[in-house]
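Structure at a glance
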Amino acid sequence: MIFRLLNANEGDAIHLRVKDEKGGIHNILIDGGPEGTYSYKNKKGKTEYGELKQLIELIKNQNEFIDLLVLTHVDNDHIGGILRWFEQDADAKKIVKKVWFNSGRLISEYFQQKGFEENLLKIKNTSYRDTGISQGITFEDFIEKNKIWDRRIIKSGDEFIMFGLKFTILSPSDGKLQSLLCKWEKESPISETSRTSDYSLSLSDLINSDHFKEDDSIHNGSSIAFMVEKQGKNILFLGDAHPRTIIDSLKSLGYSPENPLKVNFVKTSHHGSKANTSIELLELIQTDNFLLSSNGNKYKLPDKRCLARIIKRNKEVNFYFNSPKIASIIFTQQDFLDYSNFSIVNAIEYIKI
């Protein structure tokens, strides 16, 4: 089992590759980052391709498939690259075998309520000639029409066995899904200038003056988060999930501060936001390895306060950055002198587990 955090700027795009008991290879893609993770225009107006496009082409050339595509939630820094891929690649529907996606329509049906049954996710200017829709099609209509949608709610408490892996779903809860019925429109993106970093503060200052306020974003609360296990090895992929939801799920599975869940890696929730990792959550998880998917450019994530919390709670910490340059901006020489229990790992390549 190997995985990689693709360069998705401020977003998430994660490739998990696994061999089953019969030797078959399976590819799992968790989110696709913002649009530029697939393709973008450079300063000269020329199209360039991002790491998602490169990954897709490699999978095609190896005659493999995306056996499972997990779209954790509807924020653009997770789903934008997937929408652009589907817009620009007529073969997308051929290589994707199964999609997990909690759409507005599906949530409305699940609760047997009239809600925001349609969402604003459109495949624009589609190149799919056989759809007969020149102005585009909603994302959920497309994945349903092409029979690649595993059309069921993915929620906390669910378990699935696939590809020699066990998936334990930790988020979203029913309550978080129901909240989305009243908020199925795009949330206003955070302004690049509306959020300031806390990188000028020392680890000591942050640790000694810590306070926690939980994320209240409805979209993030609906994020799919799960643990994947294979032969005693496991990874927590927390998406942008709310910590309370993960805490409740772990406690329901029998974990506690006295009996924490032991994992090999944790993909920190919401790119290391201080509002998505609490001490209470950290007390339920035992690991040395924390994955951080963000370049810090737009939203100033990860928050140093989140990382300080992890450093305070753990005897040893390895921070895996898929954009290692941000670590040199966050941490000072004094931070390393004050706290010798953490290290920075360059995570631009595949990690074997």
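Just above sits the structure.
As the structure is a prediction and not an experimental result, all values here were calculated from the model.

It is worth spelling out the sheet that holds strand β19 (residues 342–346) at this point. Across the sheet, which stays open at both edges, the eight strands sit in the order β10-β11-β12-β13-β15-β17-β18-β19 with mixed pairing between neighbours. The two strands at the open ends of the sheet, each matched to only one other strand, are β10 (159–162) and β19. Strand after strand, the sheet turns through a mean of 20° between neighbouring axes, direction not considered. Relative to β19, strand β18 (residues 317–321) runs parallel, the two sharing five bridges. Counted as the bridge partner of Phe321 is Asn346 from β19. Contacts from helix α11 (residues 304–313) reach β17 (289–292), β18 and β19, with the element oriented near 150° to β18.

The next subject is the packing of aromatic side chains. Here the distance between the centres and the angle between the planes together describe a pair of aromatic rings. Under the criterion given, the structure shown has 20 aromatic pairs. Their ring planes at 75° and their centres at 5.3 Å tell us that Phe265 and Tyr320 sit as a pair that is edge-to-face. With Phe265 in strand β15 (residues 265–267) and Tyr320 in strand β18, the pair connects residues that are 55 residues apart, well separated along the chain. Of the two residues, Phe265 and Tyr320, neither departs from the other in class, the shared state being buried. Seen in terms of ring centroids, Phe331 and Phe342 are 4.7 Å apart; in terms of plane orientation they differ by 40°. Their pairing is tilted. Here Phe342 lies in strand β19 and Phe331 lies in the loop between α12 (325–330) and α13 (333–338), a separation of eleven residues in the sequence.

Along the polypeptide, His219 turns up in helix α8 (residues 218–221). The exposure class of His219 is buried, given its relative accessible area of 2%. At 2.9 Å, the side chain of His219 and the side chain of Asp75 are in polar contact.

Each value, and the rule that gives it
- Residues numbered from 1 in each chain as written.
- Predicted model: local features only at pLDDT ≥ 70, side-chain atom pairs only at ≥ 80, totals over all residues.
- Heavy atoms only, no water.
- Pairing = 2+ DSSP bridges.
- Helix = DSSP H or I, 4+ residues; strand = E, 2+ residues; numbered from the N terminus.
- Axes fitted to C-alpha atoms, helices over the stretch in contact; angles between N-to-C directions.
- Contact = heavy atoms within 4.5 Å.
- Phe/Tyr/Trp six-rings, centres within 6.5 Å; stacked < 30°, edge-to-face > 60°.
- Buried < 20%, exposed > 50% of the residue type's maximum accessible area, 1.4 Å probe, protein only.
- Polar contact = N/O pair within 3.5 Å; in protein donor to acceptor, adjacent residues only side chain to side chain.

These figures capture arrangement, not role.
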